[in-house]
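The lines below spell out each chain.
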Amino acid sequence: MHVLFNRLFYITLFLGFFLPTNSSFFLPLPGVQLSLNEFAFVLLPVINLLCFSENMVKVNNTRLKVNIVLLVVVVVFTEVVIKNLVYGQSFGDAFKTIRIGIPLISSLILIVQGIRADIRIAWKTLLVAISASVIISLLSLVVNLPIYQDLDNGANILEERRGRLVNSNSHFGLIGMYLLIQDSNKWYSRGKLVKITAILSVFALILGFNRTFLALLFLETIYLMRVKFSLKKIRKIATYGILVLLIFFGAYLNSQTMRDQIDKRIFSIVLGDESIAENTIEGNRDVIYSAVEKKLKSGYYVLGLPYKTPIFTWPPRWSTDVERDIRITDTSALTILLRYGIIPLILTLLIIRQLYRFSNNLFFKTILILYLMASLNIDVILRQNSILFLAFIFFITKAHIHEQNSIHSKDRY
């Protein structure tokens, strides 16, 4: 029976993350529509409870588990009970608010449970899903695929991004770069699948032309060059650097839309038209920051906003555009604070601190710091696939393979 649930876990993991976008293929459930990605986040902890393998990874730290459980309880109790009493918030709106943080909540619950299925197969399944998603994204640049419709506003995401590669797993590119340069002797970085996924994810990150992640990818590469410096590492970086440049200039020379993106997002910094801070952090954020400041002064940081109250209203940008009420921000900490309140934010920061301190692995600590830096401008901690990637890095770096190929938790706290 455990074998069946193990396989269900792998299948759910693949189906939840093999599509390029998280807003494709909604599943109509009674009273709600969950995307395939959201459905996977909800199901994974449930199926995981019924899994069993000799190669499971457990995290035996009571304080960490207590804080995670406390975070989930506080969020649910505040949304369902407290906000109903204070703001008259309905159960439906409470569910919508909790739904915003499903990726973070699901990933933290998995950390409490540990991965009860075979961590080796789960890791390979995640790699296959990410590779498939990038390949589909690349195909979408030349083939019109019906996978980019955003049901929230009826827009075609690919058209709105104006030639940028659309992929919800592209943030794995920071992990991919690490695996290409570092830890080549570890069990989780061996084999062609790891190399293929790493290269594809780096390409996806670059062709997405996200200025924040491009800056972080550059910083990561410089940092990894200094860690255990060797000629072999220099050769690796040079080889992958040439591949990146070929993709970069190939896109620049053969696509006008990508040329516009590169000119705007890369060369504007190189030529001195904009500073890195202006290009990655400050651009078009005045509306958000002024609205957030007003909400904080109004005291909404205590419990968080009721769902019907947006964090800010985005003004029309074109003649055909309309005002849009936005209930999230591009900064993870601000979204947590204004949607769930000060206590969940403190607990989240405490959990992140505990994860950092309890890990003795450079891989996990490097990716955690990079994602935290990214979270200042992109909500990678609360709402995106990257938080699950971070949980998986925590698990695989805590797994130790013995001679008999069994895996156990390397550090039992």
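Structural data are supplied above this passage.
Residue numbering note: each chain is counted from 1, following its sequence as written. Note on the predicted model: pLDDT of at least 70 is required for a residue's local features to be given, and 80 or more for side-chain atom pairs to be given and counted; whole-chain, interface and lining totals, by contrast, use all residues. No hydrogens and no water enter the side-chain calculation; it runs on all heavy atoms of the structure.

### Focus on the overall build of the chain
Working step 1: Going along the chain from the N terminus, every DSSP run of H or I of four or more residues is numbered as a helix, and every run of E of two or more is numbered as a strand. On a plain count of helices and strands, the chain comes out with 18 helices and eight strands.
Working step 2: Burial classes follow relative accessibility: with a 1.4 Å probe on protein chains only, a residue under 20% of its type's maximum area counts as buried, one over 50% as exposed, and anything between as partly exposed. Per-residue burial over the chain gives 52% buried out of 413 residues.
Working step 3: Considering only intrachain contacts with a sequence separation of at least 6, the fraction spanning at least 24 residues in the chain is 73%. The contact criterion used throughout is that any non-hydrogen atoms of two residues lie within 4.5 Å.

### Looking at empty space enclosed by the protein
Working step 1: Residues are said to line a cavity or pocket when one of their atoms sits within 4 Å of a point; the points come from a 1 Å grid over protein atoms alone, cavities being sets where a 1.4 Å probe fits but cannot get out and pockets being open sets with protein on both sides within 12 Å along at least five of seven lines. Grid points are joined across faces, edges and corners, and a volume is the space filled by probe spheres set on the points. One pass over the structure, following the stated rule, counts four cavities of 30 Å³ or more.
Working step 2: By volume, the largest cavity amounts to about 110 Å³.
Working step 3: Where the lining of the largest cavity is concerned, the elements lending two or more residues are α5 (102–113), α16 (342–358), α17 (362–374) and α18 (386–398).
Working step 4: Class assignment for the residues of the lining of the largest cavity results in twelve nonpolar, two polar and no charged.
Working step 5: By volume, the second largest cavity amounts to about 80 Å³.
Working step 6: Considering the residues around the second largest cavity, the lining is formed by Leu 71, Val 72, Val 75, Leu 104, Ile 105, Ile 336, Tyr 340, Pro 344, Thr 348 and Leu 382. Basically, the charged four are Asp, Glu, Lys and Arg, the nonpolar ten are Ala, Val, Leu, Ile, Met, Phe, Trp, Tyr, Cys and Pro, and anything else, Gly included, counts as polar.

### Here we look at a nonpolar patch on the surface
Working step 1: Patch construction takes residues with relative accessible area above 30% that form no salt bridge. Like charges are linked within 9 Å, and nonpolar side chains (Val, Leu, Ile, Met, Phe, Trp, Tyr) are linked within 5 Å. Residue burial considers only the protein chains on display, and all accessible areas are found by Shrake-Rupley using a 1.4 Å probe. Here, a salt bridge means any side-chain nitrogen of Lys or Arg that lies within 4 Å of a carboxyl oxygen of Asp or Glu. Judged by side-chain polarity, Val 69, Val 73, Val 76, Phe 77, Val 80, Val 81, Leu 85, Val 86, Tyr 87, Phe 91 and Phe 95 come together as a nonpolar surface patch covering roughly 970 Å² of accessible area.
Working step 2: At the level of secondary structure, the elements contributing two or more residues to the nonpolar patch comprise α3 (62–87) and α4 (91–100).
Working step 3: Structurally, the position occupied by Val 80 is in helix α3.

### A word on the side chain of Ser 170
Working step 1: Here Ser 170 lies in the loop between α7 (157–160) and α8 (172–181).
Working step 2: Residues within four places of Ser 170 in sequence aside, it is in contact with Ser 201, Ala 204 and Leu 205.

### Some thoughts on the side chain of Gln 354
Working step 1: Checked against the element boundaries, Gln 354 lands in helix α16.
Working step 2: If we ignore the near neighbours within four places in the chain, the residues touching Gln 354 are Arg 63, Leu 64 and Asn 67.

### Topic: the nonpolar core
Working step 1: Phe 9, Trp 123, Ile 175, Phe 363 and Tyr 371 are the most contacted members of the largest nonpolar core, which totals 90 residues.
Working step 2: At ten residues, the largest contribution of residues to this core is made by α18.
Working step 3: Beyond its immediate stretch of four places on either side in the chain, Ile 175 contacts Phe 363, Ile 367, Tyr 371, Phe 389 and Ile 393.
Working step 4: The next biggest cluster of nonpolar side chains, apart from the first, holds nine residues, and it includes Ile 288, Ala 291, Leu 305 and Trp 314. The set of buried Ala, Val, Leu, Ile, Met, Phe, Trp, Tyr and Cys residues whose side-chain atoms join them within 4.5 Å is what this entry labels a nonpolar core.

These values are about where atoms sit, not about what they do.
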